[in-house]
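Results of the structural survey
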Amino acid sequence: MAAAATMAAAARELVLRAGTSDMEEEEGPLAGGAGLQESLQLGELDITSDEFILDEVDVHIQANLEDELVKEALKTGVDLRHYSKQVELELQQIEQKSIRDYIQESENIASLHNQITACDAVLERMEQMLGAFQSDLSSISSEIRTLQEQSGAMNIRLRNRQAVRGKLGELVDGLVVPSALVTAILEAPVTEPRFLEQLQELDAKAAAVREQEARGTAACADVRGVLDRLRVKAVMKIREFILQKIYSFRKPMTNYQIPQTALLKYRFFYQFLLGNERATAKEIRDEYVETLSKIYLSYYRSYLGRLMKVQYEEVAEKDDLMGVEDTAKKGFFSKPSLRSRNTIFTLGTRGSVISPTELEAPILVPHTAQRGEQRYPFEALFRSQHYALLDNSCREYLFICEFFVVSGPAAHDLFHAVMGRTLSMTLKHLESYLADCYDAIAVFLCIHIVLRFRNIAAKRDVPALDRYWEQVLALLWPRFELILEMNVQSVRSTDPQRLGGLDTRPHYITRRYAEFSSALVSINQTIPSERTMQLLGQLQVEVENFVLRVAAEFSSRKEQLVFLINNYDMMLGVLMERATDDSKEVESFQQLLNARTQEFIEELLSPPFGGLVAFVKEAEALIERGQAERLRGEEARVTQLIRGFGSSWKSSVESLSQDVMRSFTNFRNGTSIIQGALTQLIQVYHRFHRVLSQPQLRALPARAELINIHHLMVELKKHKPNF
């Protein structure tokens, strides 16, 4: 501890000495300076003052003693005083060297000082210039703002003037009447293109003047008189032109479609009248309606009268019904029987009238048909008449919409004003004709013609005829239902005993029904109607009942079955020619035919092979119940059956085949029945073989006389008829 205290005291003394020597050296070289003559004011760093606190020095010394370098010096025993003087000497040398360097560079320093002074002067001048520039820019900026404000104000005034100029120019252009307009309206014919162009210009100017007058423009008074005179002149010329065209319709043998086409080229004339002279426009429209209404009425009345002269002379009457007896004797002047008049219940080629090619074919020309002595059924006349009506009505409706500038209900009203009398006349004529019409096929074809024409009118976007089509159908459907009901009632009330001599061939009433039903079914397939199918269903029920009533008149069941099969086969064949295989009528009669055919085959096999069939059924029933032992008592019966079949089957089959050939008019149906009978015979004989193979009958001696089943099949094939 004593050594440490000694070292601390030595260090303190060394520091004090170093401070003193430093102060002396500083006073030496700088003593000549005026600023250094005064004593230095060290403040808190003055350790010579009384205020210097040595305790703080002790703290610093203690901190320095902890330095690694100081510790190393103390350990090596370096003399601090000598070391301090050495350091002081080195510092003095460095200081002297620095002073010499400053002295050597004094000129450069002076030059640098002069340059800095010159730069300061230059910068000062630049500062002054920039200040002047800044003041100039401030004044320029204010001038620019002033110019911008003036420019904006000028732009606003320019736009306002341009807007005023545009409005004023439009107003002036709308009000000024050029000489070309005056010349064209007063002098040019209405058919010239320039008249139409200037008329459109006049219409635009008149509309512009009316608009400006509504706004209170005083300048309109200057041109109102000129425009009114031009308008009056144009209206007079247009009225005269259009009325001449309308009057040209009235000339005999005139094709009014040509003047209509010419009027469409000048449809703006009516638009001009509509906007400027409604009274004249109404006059022209009324004149057109009156003229065309009379023309259409006269044309269709004449055409309809001449058309009905080429209808067939023989038409169905109220007694020409399906169930009317065909046995009554007729006088020389009486009409032919229904059987010879196929057009009443037979469709034939009449259905072609609703085919796409015939439906829109050219209309009939009556005088040409009369020269050629051609006659047509009512449906052909109906198609021709209504196709002409459809075509002209569509053209008229489109003309009215385009020329008179109407649409919707207004177009409908104007159309009916033109065509109403013609449509009413056509409806009255149809109603009058239907009151004495009993041709159901013709009425049904007319219904389908109307349905197709209605679709065509819809495709042409002409709804004006919709109500007319509904009225026509309202006349046709009730009449069709009435005629059908009359035929149903006639079949229902037919008494088989009043029909005279009967035979097993197809009855003429069932043939009428077959032809009639197939006709309606084939027509109805194009546009199906459940209403029609219900009516045909009623008629079919009555015809089936009628066939059963007639069949009951035969004494034997075999004849009844032959009659039923012949009639069902005939009706089925006729229906399948026109109706589809899956139709209700075809399916119904097919089931009836199959059932009666099977019953007839059993009835046919019963006389020659009835005992064999009965035994097979009895034996199979016993075997099924487990009573096969009872077959032992049937040996004599079995022996008789075996020998009887072997001796008579060929003659029986031959007689059976001849009987079928005589009974059925349809050879194909007869062939089918013979094949069915022979097939059933083979099946029965095969079952007979199986019964005889039972243990109870296996030892029967007569089994040796059985005919081999394959031999029987080969022999029966020889009896298969080839029609």
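What you are looking at is a predicted structure, and each value in this text was computed from that prediction instead of being measured.

The helix and strand tally for the chain stands at 24 helices and zero strands. In the chain, which comprises 723 residues, the share counted as buried stands at 38%. Looking at the chain alone, contacts between residues at least 24 apart form 78% of all its contacts between residues at least 6 apart. Summed over its atoms, the accessible surface of the chain is roughly 42,000 Å², and 54% of this surface lies on carbon and sulfur atoms.

Moving on, we get to the pattern of salt bridges. Under the definition given, this model contains 25 salt bridges. Salt-bridge contacts for Arg-231 lead to Asp-228; the nearest nitrogen and oxygen are separated by 4.0 Å. Taken together, the residues span about one helical turn, with Arg-231 and Asp-228 both in helix H8 (residues 220-248) at a distance of three residues. Two residues, Glu-542 and Arg-492, come together in a salt bridge whose shortest N-O distance is 3.2 Å. One end of the pair, Glu-542, is in helix H19 (residues 530-551); the other, Arg-492, is in helix H17 (residues 466-492), with 50 residues separating them in the sequence. The buried category is assigned to Glu-542, whose relative accessible area is 12%. Take Arg-492: its relative accessible area is 36%, and that puts it in the partly exposed class. Within the structure, one salt-bridge network assembled from shared partners comprises Asp-228, Arg-231 and Glu-277.

With respect to the helices and strands, Gln-560 occurs in helix H20 (residues 557-578). Judged by relative accessible area, Gln-560 falls into the buried class, the value being 14%. C-alpha of Gln-560 to C-alpha of Thr-504: the two residues are 56 residues apart in sequence and 7.6 Å apart in space. Residues contacting Gln-560, with those up to four places away along its chain left out, are Ala-551, Ala-552 and Phe-554. One polar contact links Gln-560 to Arg-557, side chain to side chain, over a distance of 2.9 Å.

Attention shifts here to the environment of Ser-384. Topologically, Ser-384 is positioned in helix H14 (residues 378-403). Taking the C-alpha atoms as reference, Ser-384 lies 9.1 Å from Val-365; in sequence the two are 19 residues apart. When neighbours within four sequence positions are excluded, Ser-384 is seen to be in contact with Tyr-303, Leu-307, Ile-363 and Leu-364. Among the polar contacts made by the side chain of Ser-384, one reaches the side chain of Tyr-303 at a distance of 2.5 Å.

Take the nonpolar core next. Among the nonpolar cores identified, the biggest contains 172 residues, and Leu-199, Ile-242, Leu-476, Phe-480 and Phe-688 are the most heavily contacted of them. In this view, Phe-688 contacts Leu-612, Phe-615, Val-616, Val-638, Leu-641, Ile-642 and Leu-706; residues no more than four positions away in its chain are not counted. Membership of the second largest hydrophobic core comes to eight residues, among which are Val-310, Ala-369, Tyr-376 and Ala-380.

Attention shifts here to unusual backbone geometry. With phi around 55°, Val-405 is a residue other than glycine that occupies positive phi space. Within the fold, Val-405 resides in the loop between H14 and helix H15 (409-434). Residue classification places Val-405 among the partly exposed positions, given a relative accessible area of 45%. For Asp-461, which is not a glycine, the phi torsion comes out positive at approximately 60°. The exposure class of Asp-461 is exposed, given its relative accessible area of 57%.

Orientation of helix H21 (residues 584-625) relative to helix H23 (residues 667-692), taken along the N-to-C sense of each, is 0°, at an axis distance of 10 Å. Judged by the angle between their axes, H21 and H23 are roughly parallel. Residues that form the contact of H21 with H23 fall into these classes: 17 nonpolar, four polar and five charged.

For the rest of this paragraph, the subject is a nonpolar patch on the surface. Together, Tyr-83, Val-87, Leu-91 and Ile-94 make up a nonpolar patch on the protein surface, roughly 380 Å² of accessible area in all. Among the structural elements, Leu-91 can be located in helix H4 (residues 80-104). Leu-91 sits in the exposed class, given a relative accessible area of 53%.

Our next topic: the state of the cysteines. Counted under the stated rule, the structure contains zero disulfides. A disulfide-free cysteine, Cys-446 has its sulfur positioned 7.6 Å from the sulfur of Cys-437, the nearest such atom. Cys-446 sits in the buried class, given a relative accessible area of 0%.

Moving on: the side chain of Gln-696. As for its placement among the helices and strands, Gln-696 is situated in the loop between H23 and helix H24 (709-718). At a separation of 3.2 Å, a polar atom in the side chain of Gln-696 contacts the side chain of Glu-629. Ignoring sequence-local partners within four residues, the contact set of Gln-696 consists of Ala-628, Glu-629, Leu-631, Arg-632 and Glu-635.

Analysis parameters
Residue indices begin from 1 for each chain and proceed along its sequence in written order. For this predicted model, a pLDDT threshold of at least 70 governs which residues receive local features, and a threshold of 80 or more governs which side-chain atom pairs are given and counted, while totals over whole chains, interfaces and linings are taken from all residues. Note that the side-chain values use all heavy atoms of the structure and ignore hydrogens as well as water. A helix here means a DSSP run of H or I that spans at least four residues, while a strand means a run of E at least two residues long, and both kinds are numbered starting from the N terminus. Summary of the burial criterion: residues with accessible area below 20% of their type's maximum are buried, those above 50% are exposed, and those between are partly exposed, where the area comes from a 1.4 Å probe applied to protein chains only. Contact between two residues is taken to exist if any of their heavy atoms lie within 4.5 Å; hydrogens are not considered. Here, Shrake-Rupley sampling with a 1.4 Å probe gives the accessible areas, and only protein chains in the shown set may cover a residue. One side-chain nitrogen of Lys or Arg within 4 Å of one carboxyl oxygen of Asp or Glu is enough to make a salt bridge. Definition of a polar contact: a pair of N or O atoms within 3.5 Å, with one able to donate and the other able to accept a hydrogen when the atoms are protein atoms, and with sequence-neighbouring residues admitted only if both atoms are side-chain atoms. Definition of nonpolar core: a set of buried residues of the types Ala, Val, Leu, Ile, Met, Phe, Trp, Tyr and Cys, connected through side-chain atoms within 4.5 Å. Each axis is a line fitted through C-alpha atoms, and for a helix only the stretch in contact is used; angles between axes span 0 to 180 degrees, taken between their N-to-C directions. Orientation labels follow simple angle bins: below 35 degrees gives roughly parallel, above 145 gives roughly antiparallel, 65 to 115 gives roughly perpendicular, and whatever is left gives oblique. Classification used: nonpolar for Ala, Val, Leu, Ile, Met, Phe, Trp, Tyr, Cys and Pro, charged for Asp, Glu, Lys and Arg, polar for all others including Gly. For patches, a residue must show more than 30% relative accessible area and have no salt bridge; joins then use 9 Å for like charges and 5 Å for nonpolar side chains, namely Val, Leu, Ile, Met, Phe, Trp and Tyr. Count a disulfide wherever a pair of cysteine sulfur atoms falls within 2.5 Å.

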